[in-house]
Amino acid sequence: MRVAYWPGCVSRGFTPELHGSMAKVAPLLDIELIELDRAACCGAGVIAEHNQELADTLNARTFALAQKTDGELMMNICSTCQGAQSECQERLDANTEYRQLINGNLADEGLVYERGLTNKNLLWLLVEEIGLDALKAKVKRPLTDLKVGPFYGCYIVRPVDRLGVDDEHPRDRYMHMVIEALGGTVIDYAGVYKCCGFPIITMNKHASLSMAGRHLGDAIDADADCLVVPCPLCHLNLDLQQPSASRVVGRELGLPVLHLPQLLGLALGLQPKELGMGKHVVKPTSVMDWSASVVAGAAA
Amino acid sequence: MLDAILKVRDEVDGSVGIRCSCQQAICGSCGVRMNGKPGLACNTHLEEAAARAHGVGWNPPEEGEVSNGGGVIEVEPMGNIPVIKDLIVDMDAVHWKKIQRVTPFLINKLPVPEREYVVPHQNMVDVTQTMACIQCGACVSDCLSMEIDPLFVGPAALSKAYRFVGDPRDADHAGRLKDLSEDPHGIYDCTHCFNCIDACPKGVDPMSQIMRLRRKAGNDEKIVDRNNGHRHEDAFVTLVRDYGLLNEAELLPRSYGGNSWFGKFHPAAGKELLSSIGTVVTGVLRGKVSPKTAMFGHKLPKSDLGQLKDIYTKVEGREERVELNLYVTGYEDEPEPDKEGAGDRETPAEPSMPSGEPEAPVTPPSRPDQPDKSPTFPGPGEDQSSSSESESA
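Rules used in this analysis
- Residues numbered from 1 in each chain as written.
- Chains lettered and ligands numbered in written order.
- Predicted model: local features only at pLDDT ≥ 70, side-chain atom pairs only at ≥ 80, totals over all residues.
- Heavy atoms only, no water.
- Helix = DSSP H or I, 4+ residues; strand = E, 2+ residues; numbered from the N terminus.
- Rg over C-alpha atoms; globule rule 2.2 N^0.38 Å.
- Buried < 20%, exposed > 50% of the residue type's maximum accessible area, 1.4 Å probe, protein only.
- Contact = heavy atoms within 4.5 Å.
- Areas by Shrake-Rupley, 256 points an atom, 1.4 Å probe, with all protein chains shown as cover.
- Lys, Arg positive; Asp, Glu negative; His and termini not counted.
- Charge placed at Lys NZ, Arg CZ, Asp CG, Glu CD.
- Phe/Tyr/Trp six-rings, centres within 6.5 Å; stacked < 30°, edge-to-face > 60°.
- Lys NZ or Arg CZ within 6 Å of the ring centre and 35° of its normal.
- Pairing = 2+ DSSP bridges.
- Patch = residues over 30% accessible without salt bridge, like charges linked within 9 Å, V, L, I, M, F, W, Y side chains within 5 Å.
- Salt bridge = Lys/Arg side-chain N within 4 Å of Asp/Glu carboxyl O.
- Core = buried A, V, L, I, M, F, W, Y, C linked by side-chain atoms within 4.5 Å.
- Axes fitted to C-alpha atoms, helices over the stretch in contact; angles between N-to-C directions.
- Parallel < 35°, antiparallel > 145°, perpendicular 65-115°, else oblique.
- Nonpolar A, V, L, I, M, F, W, Y, C, P; charged D, E, K, R; others polar.
- pLDDT = per-residue confidence, 0-100.
- Left-handed = near helix turned anticlockwise from the far one by under 90°.
- Polar contact = N/O pair within 3.5 Å; in protein donor to acceptor, adjacent residues only side chain to side chain.

1. Here we look at the overall build of chain A
Along the backbone of chain A there are 14 helices and 8 strands. For chain A, whose C-alpha radius of gyration is 19 Å, the value lies close to the compact-globule estimate of 19 Å for 300 residues. In terms of overall dimensions, chain A has a C-alpha envelope of 65 × 45 × 35 Å along the principal axes. Here chain A holds 300 residues, and 67% of them are scored as buried. Excluding contacts between residues fewer than 6 apart, the proportion of contacts in chain A whose partners are at least 24 apart in sequence is 77%. Element-wise, carbon and sulfur atoms account for 50% of the exposed surface of chain A, whose accessible area totals about 9,100 Å². Each charge class in chain A was averaged separately, 27 positive and 36 negative side chains, and the resulting centres sit 5 Å apart.

Below you can see the structure in the form of structure tokens.
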């Protein structure tokens, strides 16, 4: 399927391995990416906090650019983008007069946002568009014996009404379902739906890193080999900042954190190195060992 | 749920402690966690609580657990507040203490008028949402910032603060905002986790009220707080204007040192850089960020940056900020109508875009056609029925 692809800023900035692994994984999933390389930052809720109309206009522009492509829908790989964009879209779709006002801000460029765009995070697209059975059929190296802790974070599961989490679309279970479909073992721990702390890292570093450290520690106590995140900002706090978080909570951590496309890539037969795992601050040794043992097992 | 709990108390174990009174979601006393999710026991159906056992939100199902009505419902006391007995928590110790922290009463503007204060209808509609709070503590229960930082003023109290910051009769908007911005556990300690929005049984949307406090503190009162809150916002907004994309390597130093390229040379930025030097070095060594990206960031094409500048100029140049509050306006149910204009008629004309009133001295967006005669303190119900046709709460 062809999708209008919004990678977000951080996947092209401080977590280049996310953007890279998505590019590697997409063809294996038969996803054709039309990158929205003219669209601006979603604002991550911060621009909306400054000026709601400004955030809504920037995102309406992104939506309009997506609607100009021939993609079936818009896809993102960042929960923060998903959350911030869903919030703007909710307002744009709820009120015609407001939408007209925002479209007025785009008129110079000849862009128009038409109500009713479908914008899905890769995780939602996997389950709802590709389907778990089709995904299973593509698995080359099932993640047997790999214990994966899902870390959903906030922006992709709350608020449930705005994000369409309901019995028909149990989007707050999708990561569990995907890990299982890939053959891995799901580890449930206290931090599954909690906040990584990233949004307050500049305002209250201690609280921010305590959050990251606590959830990582809980996952380690639950015997996870690694975490998987649908959001690069969670990755920054859980991986890049993990050594600092370890000092704040006063315990050894060292838990690898994978981006969702990296976990997919492993199961689809790619090597950890190709998926940019060498770029992580916490070396995903357990994952690489697992990968090596699978290869050795296959050879034997 | 409350009926079930009372039945258990009456027939199974008379010692079960639960606090309740009105039994119709008005008094706010029966806040509990049901299958991991906070709410009022009196307005939660058994079916709904049982369904929560299976996914949606907080509580993942156990392997093989039956969903929808067949599951066990686990009732617990609310979180973040000490337990007195069973389901009864010590609201005084946390919730009320925090409410008291925000000066939860009107500081009269002087001189006090002989009769009543005349308040523009629109301004009162603006604070209606926070006035819907029944002080049940459900948002406090699941606040993820408070879980880590118990000193955080928290969602309920900060919503209460907006109730007065948004009220034109109050004399000290600037003082309140300064106080809550400078507090290291104040408005900038919220981590955007959205738990309070889902927890609230009354649609108060506490997180959005906190964002409105930030908007007023930074934009209207120009408060540059010591927590880097406003500098961070300011730098973020400017960087997106100049680069189109977020330039993380610039955002951090500017958040500490001030919103310009020179921010990184400010002592505060230097101190922060020094303390995270290990992180920076590891990041560069691992190839997380190329030196080029770190130095110059990534940018959109020139033509797009031009468009963004135009958008910024237009939006930031407005006399009043435009804000749409869906709690007030509701949602248009109609799919896009075929004929133009049909949708427009359904939009409530007046409160559809309540603007953030710009300054503390009230210069209300005047509506000369309708001199305002609304009561000084309209109840939420009254206000909404007169101003919006579809209520979302």
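Picking up where we left off.
2. Considerations on the overall build of chain B
Secondary structure assignment for chain B yields 19 helices and 5 strands. Taking all 393 residues of chain B together, 52% fall into the buried category. Considering only residue pairs separated by 6 or more positions, chain B has 67% of its internal contacts joining residues 24 or more positions apart. A total accessible area of about 18,100 Å² is found for chain B, and carbon and sulfur atoms account for 55% of it.

3. Here we look at the packing of aromatic side chains
In total, this model carries 5 aromatic pairs over all chains according to the counting rule given. When the ring of Trp261 of chain B is compared with that of Phe262 of chain B, the centres are 5.4 Å apart and the planes differ by 90 degrees; the resulting orientation is edge-to-face. Between the NZ or CZ atom of Arg171 of chain A and the centre of the ring of Trp124 of chain A, over which it lies, the distance is 3.8 Å. Taking the ring centre of Phe164 of chain B as reference, the NZ or CZ of Arg163 of chain B above it sits at 4.7 Å.

4. Overview of the pairing of strand β5 (residues 147-150) of chain A
All names here are of chain A. Relative to strand β6 (residues 185-186), β5 is paired through 2 bridges, and the arrangement is parallel. Residue Val148 lies in a different strand from β6, and its bridge partner there is Val186. By the bridge criterion, 3 bridges tie β5 to strand β7 (residues 226-229) in an arrangement that is parallel. Residue Pro150 lies in a different strand from β7, and its bridge partner there is Val228.

5. What about the sheet that holds β7 of chain A?
Taken in spatial order, the 4 strands make up an open sheet running β6-β5-β7-β8 (chain A), and their pairing is parallel. Strands with a single pairing partner mark the edges of an open sheet, and in this sheet they are β6 and β8 (257-259) of chain A.

6. Focus on a nonpolar patch on the surface
Residue and element names in this part refer to chain B. Together, Leu273, Ile277, Val280, Val281, Val284 and Leu285 give the surface a local cluster of nonpolar side chains, amounting to about 520 Å² of exposed area. It is helix α14 (residues 277-285) that provides the largest number of residues to the nonpolar patch, a total of 5 residues. Structurally, Val280 can be placed in helix α14.

7. Some details on the nonpolar core
The biggest cluster of nonpolar side chains holds 129 residues, and the ones touching the most others in it are Leu238 and Leu264 of chain A. Here this core gets 8 residues from one element, more than from any other, and that element is helix α3 (residues 52-68) of chain A. Setting aside residues up to four positions removed in sequence, Leu264 of chain A forms contacts with Val25, Leu29, Leu122, Leu126, Leu135, Val178 and Leu182 of chain A. Grouped together as the second largest cluster of nonpolar side chains are 48 residues, Ile200 of chain A together with Met78, Met124 and Val140 of chain B included.

8. Topic: the packing of α3 of chain A against helix α5 (residues 96-106) of chain A
Residues and elements named next belong to chain A. At their nearest, the axes of α3 and α5 sit 9 Å apart, and the two run at 70 degrees to each other. By the angle between their directions, the pair α3 and α5 is classed as roughly perpendicular. Touching Gln52, Glu53, Asp56, Thr57, Ala60 and Arg61 of α3 are Tyr98, Leu101, Ile102, Asn105 and Leu106, all from α5. Its residues assigned to classes, the contact of α3 with α5 comprises 5 nonpolar, 3 polar and 3 charged.

9. Digging into the confidence of the model for chain B
As a general rule, the predicted coordinates of low-pLDDT regions are not to be interpreted in detail. Residue and element names in this part refer to chain B. The pLDDT averaged across chain B works out to 83; a share of 80% of its residues lies at or above 70. A low-confidence stretch, residues 54-60 stays under pLDDT 50, and its non-local contacts, those more than four residues away or across chains, total 31 contacts. Contacts for the low-pLDDT stretch residues 338-393, under 50 throughout, to residues beyond four places or in other chains number 105 contacts. With pTM at 0.88, the complex prediction returns an ipTM value of 0.95.

10. A word on the packing of helix α12 (residues 248-257) of chain B against helix α13 (residues 267-275) of chain B
Residues and elements named next belong to chain B. Here α12 crosses α13 at 130 degrees, and the two axes come no closer than 7 Å. Judged by the inter-axis angle, α12 sits oblique to α13. In terms of crossing hand, the pair formed by α12 and α13 is right-handed. Every residue of α13 that contacts α12 at Pro253, Tyr256 and Gly257 is listed here: Ala268, Ala269 and Glu272. Residue composition of the contact of α12 with α13, grouped by class: 4 nonpolar, 1 polar and 1 charged.

11. Examining the interface of chain B and chain A
With 85 residues of chain B at the interface, the matching set in chain A holds 83 residues. At the boundary of chain B with chain A, the tally comes to 8 salt bridges. Lys205 of chain A is the salt-bridge partner of Glu272 of chain B, the closest N and O atoms lying 2.7 Å from each other. Counting across the chain B and chain A interface gives 30 residue pairs in polar contact (both at pLDDT 80 or more). Looking at the side of chain B that touches chain A element by element, the count peaks at 8 residues for helix α16 (residues 302-316) of chain B. For the side of chain B that touches chain A, the per-class residue count stands at 35 nonpolar, 29 polar and 21 charged.

12. A short note on the environment of Gly166 of chain B
With respect to the secondary-structure elements, Gly166 of chain B resides in the loop between α7 (155-165) and α8 (173-182). Distance in space between the C-alpha atoms of Gly166 of chain B and Val72 of chain B is 44 Å, their sequence separation being 94 residues.

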